Amino acid sequence: MPNAAGMKVLVVDDQNSVRQMTRITLEQIGIRHVHEAENGKLAMDTATLQPLDLIISDYNMPEMDGLGLLRAIRGHPVARKIPFILLTGRGDRELVVKAAQAGANNYLIKPFTADILRQKIEQVVGKLS
Amino acid sequence: MTSLDELRLTFFDECSEAMQQIEVGLTELREGNGSDDIINAVFRSVHSVKGGAGIFGFEQLVRFAHAFETVLDAMRAGKLSPTQEILDVLLTAGDILSDLVTMSRAGDEIPADLGSECLAALEQIMSDGGLATEDGSAPAEFEGLDFMPVAFDQTGIDEPNTTDDPGLHVYEIVFRPAAGMLKKANEPLFLLRELRSLGTLELVAETGGLPSLEELDPTEPYIGWRGTLRTAATRDQVEEVFSFVDGDCELSIKDVTPPMATVSESPSDFAAPAEASAPLAPTAAATPAAASAAPAAAKSADTPTAAPKASPTKPAATTTRVELEKIDRVVNMVGELVIAQAMLGQIVQNLPEDITGRLAQMLDEVTHHTRELKDSVMSMRAQPISSVFQRMPRLVRELATKTGKKVRLEMLGENTEIDRSIIERLGDPLTHIIRNSIDHGIEVPGDRASVGKNEEGTIRLAAEHRGGRIVIEVSDDGGGLNPERVLNKAREKGLVGQDATLSEDEINNLVFLPGFSTAATVSDISGRGVGMDVVRRNIQDVGGRISLKSERGRGMTIQLALPLTLAVMDGMVIKVGYETYVVPMSVIVECLRPKRSDIHNLVSTSGMLNLRGNLVPIVDLAELLDLRKREMDSDERVVIITDAGEGTRVGIVVDELCGHQQVVIKSIEESYGSVPGVAGATILGNGRVAFILDVEKVSELASTPAPPVRGNGGAYAQPMSATIN
């Protein structure tokens, strides 16, 4: 059973407010070790240099968007196995399908509550302790 | 403030940025400079606003942004081409979105029908294009999607791939980092992890090369590894792992795939070098082998990773929210430091030379650092001027629509940084100047065409650093001022004498006089009872200067020269009697030493100075402030011609000019009270306090029959006793 307190999560979004909000919500479910990146490129740097247990990434970002990041992650020798959850808006089904095909492990619709976040993370990594 | 409130503020700050992007992007598109990148950027900005609004619960904002975004999305997918009509709707949508953001930020009640017209127009665009409008209330869950489940393990990427395919290769790998490899920022741990991600890796650390702890150089690798990798990867892929350390290590990769590979049990001590982060001290007491292995592990885990770790996390921390008050406190302290350093400089100067040598040198260094410190603190308060500029495109658009004129706004130098307290006070003057330009300057399309101008007028808004100041120019290619009309108007209003002869420049500058307005009819736009005199006042209040150049039929340019900061000011240090004062450089027009014959004494006032044919009232500061006069020839005295506001020139008679100097402004109002004629105080290099004169007030005081500043103890005796609590 994965231990929430020991999980290292990377949150990727170009909006600081969304990153902070996600961080706060992650903290509510016991995940305290949170890295942040403001676009796919920077996220890639972090993901290749740090051991990560999960990436939660927005789709719309300058430099490299969420799908670009997902593809880069899946194609990277070290980072390729990091679980990936795509942050998306309501109604973006097409995007989520694309993400699933590219190897995303789940999606999360903004705005989300701590319960939904936990549920989605647990669907990906298993029940949190 | 709770963290949620702070986050909300962060969100609104982001919204401002997004709104600017939207504005700029749509304007570009409208001017026909469209590109996919621009459409994408605009879409992304609207999307960001929507996303954040959803998180913070601004429903109306979400709904509107959604409709907006839908059109942009169709556009970027190529399903909709950006016609002028559509772009006009989008520009309006941008304005409404901006209103919604502003209202949401202020916590105002948003009228339910706000933007409903525009919303309908957006939906119309979609239906005209034969496109379905997506409902913003789509389900929060998507059905029927399959995601790969992930087997979670605490080590994540470190977990070896345990799939046991018969098609696997087995490589025997020997990897011994060479001296100097770590210095090239290569981390063996990462290489081993990468290797492990390829399959099942079993390695034994070769610790034989480790020296004793005393001899150990933590920047050198001493450990090598030998073992096997069971993987589906090709030899090339395995070699690629080591591509960055090629030449910096001893490496051998042998394919030893047996018909049926069986690999020995993994040696248990592998984990130590790679994972342990045991502190250095305790291990020193352990067995020699373990003792020597541990420091190396600690080293490899700490030292080389420090550098690469720092860089990727840095972008997240590029900005920090700091209360303005805290920065102000630092600004103040730096001000004190500048003064203390100036005082120290004077003390050192007065010391005998044989002991000053090294001291003076050090002091030079301190001076240098202080200046840099001052500059960087000031830059902390600085903000790009774009926060004011970004309000202008909308203004121009709205005014152009209202007046039936075609106007294009060009903006340059939006990233020029200026003290935020000045920025806050620039909005109104700039708005007014631009209103004027559109209302009175730019002609209607027909008139423009008839004189061979482009039907579309251009207003150019530019900011730049120039000689320690920020210069903002607003220029238009309209009709310019009509000097005849200006002069007639000024005569009519009694602002100038009937027979005064003025140069064209002087005539143009009459518009800065209070109560002046050339428009025959008071329009809804610029005729709001605020004239250029108020604009000039606003600019002068922040220590700036305004000037105007107009060319009949060609347009005009208004230039604002602003100080970089309000905390430090350029001042002229002067002496009157035995007192020292500072006159702000921004009000000084010129300094001269007039001949006795040029000064005419009229009744009781100090007199008038004949300045190249114009009479300028002069104020004898010593007399006004009731200072003890110095015995000196009146021909020796200096007159500083100042701009006392509203275009009036006043000469201030002083005894001596001591020089131009940057002074740190200290408010005396806070600790003492407001004194008429005194704008503040500063501390000079010699440690003495000097008052900064408020020239406008001084000239007012001089023209009042019984000046309130009268006492027997000097400049401040009277008001001091009157206002002290």
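Shown above is the structure to which this text applies.
I will try to describe carefully the structure that is included in this document. (Residues numbered from 1 in each chain as written. Chains lettered and ligands numbered in written order. Predicted model: local features only at pLDDT ≥ 70, side-chain atom pairs only at ≥ 80, totals over all residues.)

This part covers the overall build of chain B. Along its length, chain B carries 23 helices and 22 strands. The buried share of chain B, reckoned over its 725 residues, is 34%. Of the contacts made within chain B by residues no fewer than 6 positions apart, 68% connect residues no fewer than 24 positions apart. (Helix = DSSP H or I, 4+ residues; strand = E, 2+ residues; numbered from the N terminus. Buried ≥ 20, exposed ≤ 12 C-beta atoms within 10 Å, placed from the backbone. Contact = placed C-beta atoms within 7 Å.)

Attention shifts here to the overall build of chain A. From N to C terminus, chain A includes five helices and five strands. What you see in chain A, going N to C, is helices and strands ordered as β-α-β-α-β-α-β-α-β-α. Counting every position in chain A, which comprises 129 residues, the buried fraction comes to 59%. Residue pairs at least 24 apart in sequence account for 62% of intrachain contacts in chain A once pairs closer than 6 positions are excluded.

Glancing now at the pairing of strand 12 (residues 568-576) of chain B. All names here are of chain B. Pairing between strand 12 and strand 20 (residues 656-664): eight bridges, direction antiparallel. Paired with Asp570 across the strands is Gln662, a residue of strand 20. Across six bridges, strand 12 lies against strand 13 (residues 579-584) in antiparallel orientation. Looking across to strand 13, one finds that Ile574 is bridged to Tyr581. (Pairing = 2+ DSSP bridges.)

All names here are of chain B. Read across the open sheet, the five strands follow the order 6-8-9-11-10; overall the sheet is mixed. Each of the sheet's edge strands pairs with one partner strand only, and the pair in question is strand 6 (406-412) and strand 10 (545-551). Direction aside, the axes of adjacent strands within the sheet are offset by 15° on average. For strand 8 (residues 456-466) and strand 9 (residues 469-476), the ladder comprises eight bridges, and the chain directions are antiparallel. Bridge pairing in strand 9 places Arg466 opposite Arg469. Against the sheet, helix 14 (residues 392-403) engages strand 6 and strand 8, with an angle of about 170° to strand 6. (Axes fitted to C-alpha atoms, helices over the stretch in contact; angles between N-to-C directions.)

Our next topic: the packing of helix 14 of chain B against helix 16 (residues 427-441) of chain B. In a pair of packed helices, the angle between the axes and the distance between the axes together describe the arrangement. All names here are of chain B. Where helix 14 meets helix 16, the closest approach of the two axes is 10 Å, and the angle between their N-to-C directions is 30°. When the axis of helix 14 is compared with that of helix 16, the two are roughly parallel. As for the relative orientation of helix 14 and helix 16, their crossing is right-handed in sense. Here helix 14 contributes Met392, Leu395, Val396, Leu399, Ala400 and Thr403 to the contact with helix 16, which in turn contributes Leu430, Thr431, Ile434, Arg435, Ile438 and Asp439. Among the residues making up the contact of helix 14 with helix 16, the classes are represented as eight nonpolar, two polar and two charged. (Parallel < 35°, antiparallel > 145°, perpendicular 65-115°, else oblique. Left-handed = near helix turned anticlockwise from the far one by under 90°. Nonpolar A, V, L, I, M, F, W, Y, C, P; charged D, E, K, R; others polar.)

Excluding glycine, most residues fall at negative phi; most peptide bonds, likewise, are trans. In this chain, Lys110 of chain A is followed by Pro111 of chain A through a cis amide linkage whose omega measures -10°. In the Ramachandran plot, Glu63 of chain A falls in the positive-phi region, its phi being about 70° despite a non-glycine side chain. With respect to the helices, strands and loops of the structure, Glu63 of chain A is situated in the loop between strand 3 (54-58) and helix 3 (66-74). By C-beta crowding, Glu63 of chain A is classed as partly exposed, having 14 other C-beta atoms within 10 Å. The backbone phi angle of Arg612 of chain B is positive, close to 45°, even though this residue is not glycine. Relative to the helices and strands, Arg612 of chain B is located in the loop between strand 16 (608-611) and strand 17 (614-620).

Here we take up the environment of Asp65 of chain A. Residues and elements named next belong to chain A. Residue position: Asp65 is located in the loop between strand 3 and helix 3. A sequence separation of 51 residues divides Asp65 from Asp14, and the C-alpha atoms of the two residues are 9.6 Å apart. Discounting residues that sit within four places of it in the chain, Asp65 has contacts with Gly40, Tyr59 and Asn60.

All right, on to the pairing of strand 17 of chain B then. A regular strand carries its side chains on alternate faces of the sheet. Residue and element names in this part refer to chain B. Of the strand pairs in this sheet, strand 16 and strand 17 are connected by four bridges, and their pairing is antiparallel. Along strand 17, the bridge assignment pairs Met608 with Pro617. In terms of strand pairing, strand 17 meets strand 19 (residues 649-654) through three bridges, oriented parallel. In the strand pairing of strand 19, Val619 is matched with Ile652.

For soluble globular proteins, the rule of thumb is that nonpolar side chains tend to be buried together. Counting 43 residues, the largest nonpolar core has Val583, Val619, Leu621, Ile652 and Leu693 of chain B as its most contacted members. A per-element tally of this core places strand 12 of chain B first, with five residues. If you look at the next biggest cluster of nonpolar residues, it comprises 40 residues, including Ala4, Met7, Leu26 and Ala99 of chain A. (Core = buried A, V, L, I, M, F, W, Y, C linked by C-beta atoms within 7 Å.)

All names here are of chain B. Strand order across the open sheet formed by five strands is 20-12-13-22-21, with mixed pairing between neighbours. With partners counted over all chains shown, the strands left at the sheet margins are strand 20 and strand 21 (678-683), one partner each. When strand polarity is set aside, the average angle formed by the axes of neighbouring strands in this sheet is 35°.

When you tally the buried positions in helix 2 (residues 40-49) of chain A, you get seven out of ten residues, the bulk of the element. Of the residues making up helix 2 of chain A, those classed as buried are Gly40, Leu42, Ala43, Met44, Thr46, Ala47 and Thr48 of chain A.

The next subject is the packing of helix 3 (residues 59-76) of chain B against helix 5 (residues 116-128) of chain B. Residues and elements named next belong to chain B. Running from N to C, helix 3 and helix 5 cross one another at 30°; their axes reach a closest spacing of 10 Å. Here helix 3 is positioned roughly parallel relative to helix 5, judged by the angle of their axes. Read as a crossing pair, helix 3 and helix 5 show a hand that is left-handed. In contact with Phe64, Ala67, Phe68, Thr70, Val71 and Ala74 of helix 3, helix 5 contributes Leu119, Leu122, Glu123, Ile125 and Met126. Tallied by class, the residues present in the contact of helix 3 with helix 5 amount to nine nonpolar, one polar and one charged.

Residues and elements named next belong to chain B. Over its twelve residues, helix 14 extends 16 Å from the first C-alpha to the last, a length consistent with the 16 Å expected when each residue adds 1.5 Å. Every buried residue belonging to helix 14 is among Pro393, Val396, Arg397 and Leu399, and all of these are buried. Tucked into the core, helix 14 has its buried residues touching helix 1 (3-30), helix 4 (84-106), strand 6, helix 16 and strand 8. With its phi angle positive at about 70°, Gly404 sits one or two positions after the end of helix 14. (Expected span 1.5 Å × (residues − 1).)

Examined against the element boundaries, Ile86 of chain B turns out to sit in helix 4. Taking the C-alpha atoms as reference points, Ile86 of chain B and Ala121 of chain B, 35 residues apart in sequence, are found 9.0 Å from one another.

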